[in-house]
Amino acid sequence: MTKMHGTTLGEALITLLEAHGVDTVFGIPGVHTVELYRGLARSKIRHITPRHEQGAGFMADGYARASGRPGVAFVITGPGLTNTITAMGQARADSVPMLVISGVNATSTLGKGLGFLHELPDQRGMMEKVALFSERVTEAAELPDALARAFALFSSARPGPVHIEIPTDVMVKPADGIGAALSNAAPPAPAASAIAEAARLIKASRRPLILAGGGAKQADAALRSFAETLGAPVVETANARGLLHRHHLCVPASPSLKAVRAVMADADLVIAAGTEFGPTDYDVYGNGGFVLPPNLIRIDIGADQIARYASNVAIQTDCAEALGALLTELGPAHVAAKNGESRAAAAREAALAELKPDYIAQVRAVEAIRDALPGAIIVGDSTQPIYAANLYYDHDRPAGWFNAATGFGALGYGPPAAIGAALAEPEAPVVCLTGDGGFQFTLPELGAALDGEAPVIFVVWNNRGYREIENSMLKRGVEPVGVSPAPPDFCKLAEAYGMASERLTSIGDLGHALKRARAAGKPRVIEIVVD
């Protein structure tokens, strides 16, 4: 245990976060969090100031997805925390580890409605509806356990946002002698009986298939070995893209496509690894065409998630752990299915053919980013090429493709999340692919990219409005209204921030522009004008 003396609780918080491995926090200081910042300047923790607390949450999200470590945000009570709720909702939907630490008004005033600055009727009660848990620290001795509980959850269960609030009068309390209660919590070990029964079903199958979701994105090597041992095609949801890049068994296509549903229906056994069967992956068109596989093995770290759908065998643990245990149980003598490669190839070909020509063109634009900057992290907003690539796209880096166009679907996510990702992985190229509409939600975060020296390349798909929503209105016979907000001159805005920019009228020029931006090593805006 790291001991400290002569410190306030606010100062102790910083030291405790350091002990838990935190190296970056995102936040905007205010009068209700001044005491949390007392020890920050002399700590090893880097502080990044977004231009809005929603940006703090999205940056923490992007940091966590890129690094695999929890993202941390500091926000003030009241509006600072409510501004962060949207980002917490996105993190909960996508199982992203996020720790939000906020102030709250003095203990003696809480719940009395006296009209204090930033007062909410029940701040913690509000947060309990969004966070996995919300805890109020009232004494210094409670702080280590509160943090330990959060970090234990992040490492041993299905992660998501956690909220800890500290009243302003508690922040200044003495915290002499408290030490970090470090957690070594791990996911539950897979039940031997479940592994044995799953292996029995696998040995009996002739046309196995694997569904890989976001919960498998840290299990690339294990998933590759498992798929090859079974001879099973691997269908990837959007959050699993980057696994098994260009592998002969990889099917980087949405389970909402008819071709993918067909190969799933043809399988005599489906192993679902880290996927929740959410409609934005499995029924994005809302046609009710997804049918839960009748012969199903589920692997998930969350007991609540496993309980939501019936399965033949449920294995509660980390995906890599489960796949490794299954490989051991199957043994080296297991004979792979002979037709896996041909089934995967047929599914890929049919899935791509199912896309409309404009979507295929947009997928090619995303592929141009990947090919120009190998190993890049591409962070997307809800914009047309992201929707298209979520349907079909093979990324070249595990955990290197993520966006807010599935699950919670928060617009404006891309720019701040990309900044968080760039700070987490400074050696990797980071590209934010956003639309002109979504970019305007969080446009001021360009300043945070400059402050943090985060060399994000912001690629703006400018089709002058919310084109995807407009198309949806037209398809339903609704006269489009409110879908054409006038975009600013993004290049001039970049110039106002002292940031270089380029405007392109041809996708063919994108690769060279990306390489120039990467060579500069600074944040840059590339605008693509789309007809």
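Before reading on, note that the structure itself is shown above.
Overview of the structure. For clarity, every value in this text was computed on a predicted model and none was experimentally measured. (Residues numbered from 1 in each chain as written. Predicted model: local features only at pLDDT ≥ 70, side-chain atom pairs only at ≥ 80, totals over all residues. Heavy atoms only, no water.)

## Topic: the overall build of the chain
Okay, so step 1: Looking only at helices and strands, the chain features 21 helices and 19 strands.
Okay, so step 2: Against the compact-globule benchmark of 24 Å for 531 residues, the chain has a radius of gyration of 24 Å, which places it among compact chains.
Okay, so step 3: By principal-axis analysis of the C-alpha atoms, the chain measures approximately 70 × 60 × 45 Å.
Okay, so step 4: Expressed as a percentage of the 531 residues in the chain, the buried residues total 57%.
Okay, so step 5: For the chain, the proportion of contacts with a sequence separation of at least 24, taken over those separated by at least 6, is 74%.
Okay, so step 6: By element, 53% of the accessible surface of the chain is carried by carbon and sulfur atoms, the whole surface being about 20,400 Å².
Okay, so step 7: Across the chain, the 46 positively charged side chains and the 55 negatively charged ones have centroids separated by 3 Å. (Helix = DSSP H or I, 4+ residues; strand = E, 2+ residues; numbered from the N terminus. Rg over C-alpha atoms; globule rule 2.2 N^0.38 Å. Buried < 20%, exposed > 50% of the residue type's maximum accessible area, 1.4 Å probe, protein only. Contact = heavy atoms within 4.5 Å. Areas by Shrake-Rupley, 256 points an atom, 1.4 Å probe, with all protein chains shown as cover. Lys, Arg positive; Asp, Glu negative; His and termini not counted. Charge placed at Lys NZ, Arg CZ, Asp CG, Glu CD.)

## Observations regarding the packing of helix α1 (residues 9-19) against helix α5 (residues 143-156)
Okay, so step 1: Put simply, α1 and α5 touch, their axes get as near as 11 Å, and they point 35° apart. For the crossing formed where α1 meets α5, the hand is right-handed. For the pair α1 and α5, contact is made by L9, A12, L13, L16 and L17 and by L143, P144, L147 and F151, respectively.
Okay, so step 2: Each residue belonging to the contact of α1 with α5 can be placed in one class, and the counts come to 9 nonpolar, no polar and no charged. (Axes fitted to C-alpha atoms, helices over the stretch in contact; angles between N-to-C directions. Left-handed = near helix turned anticlockwise from the far one by under 90°. Nonpolar A, V, L, I, M, F, W, Y, C, P; charged D, E, K, R; others polar.)

## With respect to the side chain of Q362
Okay, so step 1: When you line up the elements, Q362 lands in helix α14 (residues 357-372).
Okay, so step 2: A residue is classified by how much of its surface remains accessible, and Q362, at 7% relative accessible area, is buried.
Okay, so step 3: If we skip the residues at most four places from it in the chain, Q362 touches Q384, P385, A388 and W461.

## Considering the pairing of strand β6 (residues 161-167)
Okay, so step 1: Of all 7 residues making up β6, 7 are buried, and the element is well covered by its neighbours.
Okay, so step 2: Of the two faces of β6, the one holding P161, H163, E165 and P167 and the one holding V162, I164 and I166 are both buried throughout.
Okay, so step 3: One ladder, built from 7 bridges, connects strand β4 (residues 98-104) with β6; its direction is parallel. Note that in β6 the partner of V104 across the bridge is P167.
Okay, so step 4: The parallel pair strand β5 (residues 133-136) and β6 is bridged by α5, and the resulting crossover is right-handed. (Pairing = 2+ DSSP bridges. Right-handed = clockwise from strand over helix to strand, strands pointing away.)

## Some thoughts on the packing of aromatic side chains
Okay, so step 1: This model, assessed by the stated rule, comprises 11 aromatic pairs.
Okay, so step 2: With a centroid separation of 5.9 Å and 80° between ring planes, the pair formed by Y37 and F74 is classed as edge-to-face. In this pair, Y37 sits in the loop between β1 (24-27) and β2 (46-48) while F74 sits in strand β3 (residues 71-75), placing the two residues 37 residues apart along the sequence. Like F74, Y37 is buried.
Okay, so step 3: Both rings, one in F439 and one in F458, keep their centres 6.0 Å apart while their planes meet at 20°; by these two values the pair is stacked. (Phe/Tyr/Trp six-rings, centres within 6.5 Å; stacked < 30°, edge-to-face > 60°.)

## Quick look at empty space enclosed by the protein
Okay, so step 1: Taken as a whole and assessed by the stated rule, the structure comprises 1 cavity of 30 Å³ or more.
Okay, so step 2: Taken together, Q362, A365, V366, I369, P385, L433, V459, W461, L510 and I528 make up the full set of residues lining the largest cavity.
Okay, so step 3: Residues of the lining of the largest cavity, tallied by class, amount to 9 nonpolar, 1 polar and no charged. (1 Å grid on protein atoms, 1.4 Å probe; cavity = no way out; pocket = protein on both sides within 12 Å on 5 of 7 lines; lining within 4 Å. Points joined across faces, edges and corners; volume = space filled by probe spheres on them.)

## Here's the deal with the side chain of Q90
Okay, so step 1: Within the secondary structure, Q90 is located in helix α3 (residues 79-93).
Okay, so step 2: Assessed through its relative accessible area of 0%, Q90 is described here as buried.
Okay, so step 3: A distance of 3.0 Å separates a polar atom in the side chain of Q90 from the backbone nitrogen of A410.
Okay, so step 4: Among all residues touching Q90, those that are not within four sequence positions of it are F58, D61, R65, A404, T406, F408, G409, A410 and Y413. (Polar contact = N/O pair within 3.5 Å; in protein donor to acceptor, adjacent residues only side chain to side chain.)

## Points about α1
Okay, so step 1: Buried residues dominate α1, accounting for 8 of its 11 residues.
Okay, so step 2: When α1 is considered as a whole, its buried residues turn out to be L9, G10, E11, A12, L13, I14, L16 and L17.
Okay, so step 3: Where α1 is buried, its residues touch β3, β4, α5, β6 and α6 (168-171).
Okay, so step 4: Phi turns positive, to about 90°, at G21, one or two residues after α1.

## Focus: the environment of G289
Okay, so step 1: Within the fold, G289 resides in the loop between α10 (279-282) and β12 (296-300).
Okay, so step 2: In sequence terms G289 and K258 are 31 residues apart; their C-alpha atoms lie 8.5 Å from each other.
Okay, so step 3: Not counting chain neighbours up to four residues away, the residues in contact with G289 comprise R261 and D283.

## So, the sheet that holds strand β7 (residues 208-212)
Okay, so step 1: If you trace the 6 strands from one edge of the open sheet to the other, you get β10-β8-β7-β11-β12-β13, paired in parallel fashion. The sheet is open, and its two borders are formed by β10 (250-251) and β13 (313-316), each paired with just one other strand.
Okay, so step 2: Judged from the 4 bridges that link them, strand β11 (residues 269-273) and β12 form a sheet pairing that is parallel. Residue pairing for β12: A272 is matched across the bridge by R298.

## What about the packing of α14 against helix α21 (residues 510-520)?
Okay, so step 1: As a packed pair, α14 and α21 sit with axes 9 Å apart at the nearest point and diverge in direction by 40°. Our classification of the angle between α14 and α21 gives oblique. For the element pair α14 and α21, the recorded crossing hand is right-handed. Of the residues in α21, those in contact with A365, A368, I369 and A372 of α14 are L510, G511, L514 and K515. (Parallel < 35°, antiparallel > 145°, perpendicular 65-115°, else oblique.)

The quantities given are spatial measurements derived from coordinates; they are silent on function.
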